[in-house]
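Listed here are the chains, written in short residue letters.
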Amino acid sequence: GAGVSQSPSNKVTEKGKDVELRCDPISGHTALYWYRQSLGQGLEFLIYFQGNSAPDKSGLPSDRFSAERTGGSVSTLTIQRTQQEDSAVYLCASSPERVLPPYEQYFGPGTRLTVT
Amino acid sequence: GEDVEQSLFLSVREGDSSVINCTYTDSSSTYLYWYKQEPGAGLQLLTYIFSNMDMKQDQRLTVLLNKKDKHLSLRIADTQTGDSAIYFCARGGNTPLVFGKGTRLSVIA
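Residues numbered from 1 in each chain as written. Chains lettered and ligands numbered in written order. Predicted model: local features only at pLDDT ≥ 70, side-chain atom pairs only at ≥ 80, totals over all residues. Heavy atoms only, no water.

Student: Any chance you could explain the pairing of strand β10 (residues 111–115) of chain A here in plain terms?
Tutor: All names here are of chain A. What you see with β10 is a clean split: T111, L113 and V115 sit on the buried side and R112 and T114 on the side with no burial. Here four bridges tie strand β2 (residues 10–13) to β10, and the two strands are oriented parallel to one another. Bridge pairing links N10 to R112 in β10. Bridge analysis of strand β8 (residues 88–96) against β10 gives three bridges, and the strand direction is antiparallel. Its bridge partner being in β10, V89 is matched across the sheet by R112. (Buried < 20%, exposed > 50% of the residue type's maximum accessible area, 1.4 Å probe, protein only. Helix = DSSP H or I, 4+ residues; strand = E, 2+ residues; numbered from the N terminus. Pairing = 2+ DSSP bridges.)

Below is the structure:
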């Protein structure tokens, strides 16, 4: 079946512009995670959605970052007034509703963001 | 220091065993994981171990967990060129994952 998809696969933007990154989780998966993979920082958690609960935003690095999840499915990560340090690969992952051990998260291929 | 740490590079000859090490400071997680990332691809769960176990074997893969020392290792037997990738150690459970920075494994033919 279809896995987690992300778009665009690559995005080049100028410093100061806003960008939107999209994640389509696996159908029926209610948990959705955003992570960021950057040189020197490794993989960092950004935000987590679980069903209708309030999202866990504890990993967002600044108020320029926000995310929403419409209809419990597709999610959009928005970065306002992009900075060069935002350049990274943004990864999305999802998990099914009745998550059983080992609580596997299924990752998408990522969006590579380059801020010039 | 970092919560989850691993060495950045490992180079082995084809056919040899590879051992990738990881240490962590927060032992509250119920599971520890090894993810594999191949060039241009997303992360793939390779194997995992429940925090109350000491060892898990899955074909060529052996995971060892020393809870006292907070040390996790992944051994790949008979390493092949197709094993060349970045391997991430992570801790978690039904929560966001906390990753190490990844170990780049290079396999020399």
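Student: Would you mind going over the packing of aromatic side chains with me for this structure?
Tutor: Here the distance between the centres and the angle between the planes together describe a pair of aromatic rings. The full count for this structure, using the stated rule, is 14 aromatic pairs over all chains. Pairing Y33 of chain A with Y35 of chain A gives two aromatic rings, centres 6.1 Å apart and planes at 20°, and the pair type is stacked. For Y35 of chain A, a relative accessible area of 0% translates into the label buried. Ring centres of Y103 of chain A and Y31 of chain B lie 5.8 Å apart, and the angle between their planes is 80°; this geometry places the pair in the edge-to-face category. In this pair, Y103 of chain A sits in the loop between β8 and β9 (106–107) while Y31 of chain B sits in strand β4 (residues 31–37), so the two residues belong to two different chains. (Phe/Tyr/Trp six-rings, centres within 6.5 Å; stacked < 30°, edge-to-face > 60°.)

Student: For this particular structure, what's the right way to read the interface of chain B and chain A?
Tutor: Where the parts come together, the accessible area they lose is often given as the size of the interface. With 18 residues of chain B at the interface, the matching set in chain A holds 20 residues. Of the roughly 1,600 Å² buried between chain B and chain A, counting both surfaces, carbon and sulfur atoms make up 61%. Considering only the side of chain B, the residues that lose the most area to chain A are L43, N94 and P96 of chain B, jointly responsible for 31% of the buried surface there. Linking chain B with chain A are zero salt bridges, by the criterion used here. Elements with a minimum of two residues in the side of chain B that touches chain A: β4, β5 (43–50), β9 (85–93) and β10 (95–99) of chain B. Taken together, the residues of the side of chain B that touches chain A sort by class into ten nonpolar, seven polar and one charged. (Contact = heavy atoms within 4.5 Å. Buried area = accessible area lost by both parts, 1.4 Å probe. Salt bridge = Lys/Arg side-chain N within 4 Å of Asp/Glu carboxyl O. Nonpolar A, V, L, I, M, F, W, Y, C, P; charged D, E, K, R; others polar.)

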